[in-house]
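Take a look at the letters that make up each chain.
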Amino acid sequence: MSSAFRESVLVIGASGRTGRFVLRYLASAAVPAIACVRNAARVPAEPLLAATEIAVADLTQPQRLAPLIERAAHVIYLAGSERKRLSAGAWQLEIDSLSACVDLAQRSGLPGRWIQMGYSGHESRLPANWAETRWREMKLAADEVLAASTLNYFVLRTGLLTEPVGGEPRVLVSQQQDLPSAELPHNVAAFLLTGVALFLLRAKEPDAPRPFRVPLYPVLPAVFVLMCGYLLYSSLTYHRAHALVGLAVLAVGGVILLFVRASKK
Ligand SMILES: NC(=O)c1ccc[n+]([C@@H]2O[C@H](COP(=O)([O-])OP(=O)(O)OC[C@H]3O[C@@H](n4cnc5c(N)ncnc54)[C@H](OP(=O)(O)O)[C@@H]3O)[C@@H](O)[C@H]2O)c1
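Check the secondary structure of the protein chain and you find 8 helices and 6 strands. Across the 265 residues in the protein chain, those meeting the buried criterion constitute 23%.

Structure representation (structure tokens):
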């Protein structure tokens, strides 16, 4: 599936303690999210989450997640087993289901990041009972699954969380990282126009003095114009509304230029 249609953040394990808060953060920042849960009734019925898409799938059947992963720009994987009381099947959930989902993400060409919570390794004060020891082993094995993948991943290493983060969302989910690349369309449009101008000026002013001659004219500038055209097309389909703002500024500049020329005449 083209990355142009992968705009949502898929939250797997969205009904858990952490998952609910992640959903609220995403909703507060108006980031489209798909909450993947095994029981839809566990998603809080809050106005803030009204626009959040809810998809029901159990990780014991990871193939069911394939269509969701194919639509995701990023995946936040928060499904896991209870830390203090490991249930039967914990290893299958933490490692086998994770591996299957990671595999689906790789095959679908996940464009963004795979994010999950891992073991911080700094909790020696905790009594390392059987469940805790096994939990840590599973988290380290989960790290290895990701390290062996080709995904762009991020493991958030937390301490022991016994309480969810209370109150209003304190984490600002920012899409700022995408903003510099949102400038690409109008930068590329300016390059494209420069390339086209070369052909127009050659035709309109064939006898103008040319102290510098373009090497391999017309092949090299034609390739340049075609490449800019393709970059413009793909960046427009990716950035959509952001890109149109930049192009609108460029268009306003064009209109001003026409007015200035007309007034000089
Ligand atoms: N709490 C900590 O101290 C700590 C520290 C570091 C890392 N982590 C890890 O961070 C992650 C999130 O932690 P948390 O405290 O939010 O955990 P949590 O409240 O126990 O949430 C776990 C989530 O996994 C889902 N889940 C369990 N089995 C599933 C299955 N077979 N199919 C689909 N979903 C399934 C649960 O769904 P239901 O709602 O239906 O049960 C729940 O949404 C876990 O992997 C945890 O191990 C936790």
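Structure's up, so let's keep going.
A word on the site of the ligand. Taken together, 24 residues surround the ligand, and among them Gly 16, Thr 18, Leu 59, Gly 80 and Met 117 come closest. Along the lines of polarity and charge, the residues of the shell around the ligand split into 9 nonpolar, 9 polar and 6 charged.

Residues Leu 10, Val 11, Cys 36, Ile 69 and Val 75 are the most contacted members of the largest nonpolar core, which totals 35 residues. Those elements that provide at least two residues to this core are strand E1 (8-12), helix H1 (17-28), strand E2 (33-37), helix H2 (66-71), strand E4 (72-77), helix H3 (90-107) and helix H4 (130-147). Dropping the residues within four chain positions of it, Val 11 is found in contact with Gly 19, Val 22, Leu 23, Ala 33, Ile 34, Ala 35, Cys 36, Ile 76 and Leu 78.

Closest axis-to-axis distance for the H3/H4 pair is 10 Å, and the angle between their directions is 10 degrees. Classified by the angle between their axes, H3 and H4 sit roughly parallel to one another. On H4, the residues that touch Ala 90, Trp 91, Glu 94, Ile 95, Leu 98, Ser 99 and Val 102 of H3 are Met 138, Ala 141, Ala 142, Val 145 and Leu 146. When the residues that make up the contact of H3 with H4 are grouped by side-chain class, the tally is 10 nonpolar, 1 polar and 1 charged.

For H4, with 18 residues, the first-to-last C-alpha span of 26 Å sits near the 26 Å given by 1.5 Å per residue. Of the positions making up H4, those classed as buried are Trp 135, Met 138, Lys 139, Ala 142 and Val 145. The buried side chains of H4 occupy one side of the element, clustering within an arc of 110 degrees when seen end-on. In H4, the exposed positions angled more than 90 degrees off the buried face are occupied by Trp 130, Thr 133, Leu 140, Glu 144 and Ala 147.

Turning our eyes to something else, we now look at the environment of Val 214. Tracing the backbone shows Val 214 in the loop between helix H6 (184-204) and helix H7 (219-239). We classify Val 214 as partly exposed; it has 13 C-beta atoms within 10 Å. For the pair Val 214 and Leu 198, spaced 16 residues apart in sequence, the C-alpha separation works out to 9.3 Å. Beyond its immediate stretch of four places on either side in the chain, Val 214 contacts Leu 198, Leu 220 and Pro 221.

Right, let's get into the confidence of the model for the protein chain. Summarising the model, the protein chain shows a mean pLDDT of 85, and 85% of its residues fall at 70 or more. Segment residues 165-180 is flagged for pLDDT under 50; beyond a separation of four residues in sequence, or across chains, it makes 11 contacts in the model.

Analysis parameters
Residues numbered from 1 in each chain as written. Predicted model: local features only at pLDDT ≥ 70, side-chain atom pairs only at ≥ 80, totals over all residues. Helix = DSSP H or I, 4+ residues; strand = E, 2+ residues; numbered from the N terminus. Buried ≥ 20, exposed ≤ 12 C-beta atoms within 10 Å, placed from the backbone. Near = placed C-beta within 6 Å. Nonpolar A, V, L, I, M, F, W, Y, C, P; charged D, E, K, R; others polar. Core = buried A, V, L, I, M, F, W, Y, C linked by C-beta atoms within 7 Å. Contact = placed C-beta atoms within 7 Å. Axes fitted to C-alpha atoms, helices over the stretch in contact; angles between N-to-C directions. Parallel < 35°, antiparallel > 145°, perpendicular 65-115°, else oblique. Expected span 1.5 Å × (residues − 1). Arc of directions from axis to C-beta. pLDDT = per-residue confidence, 0-100.

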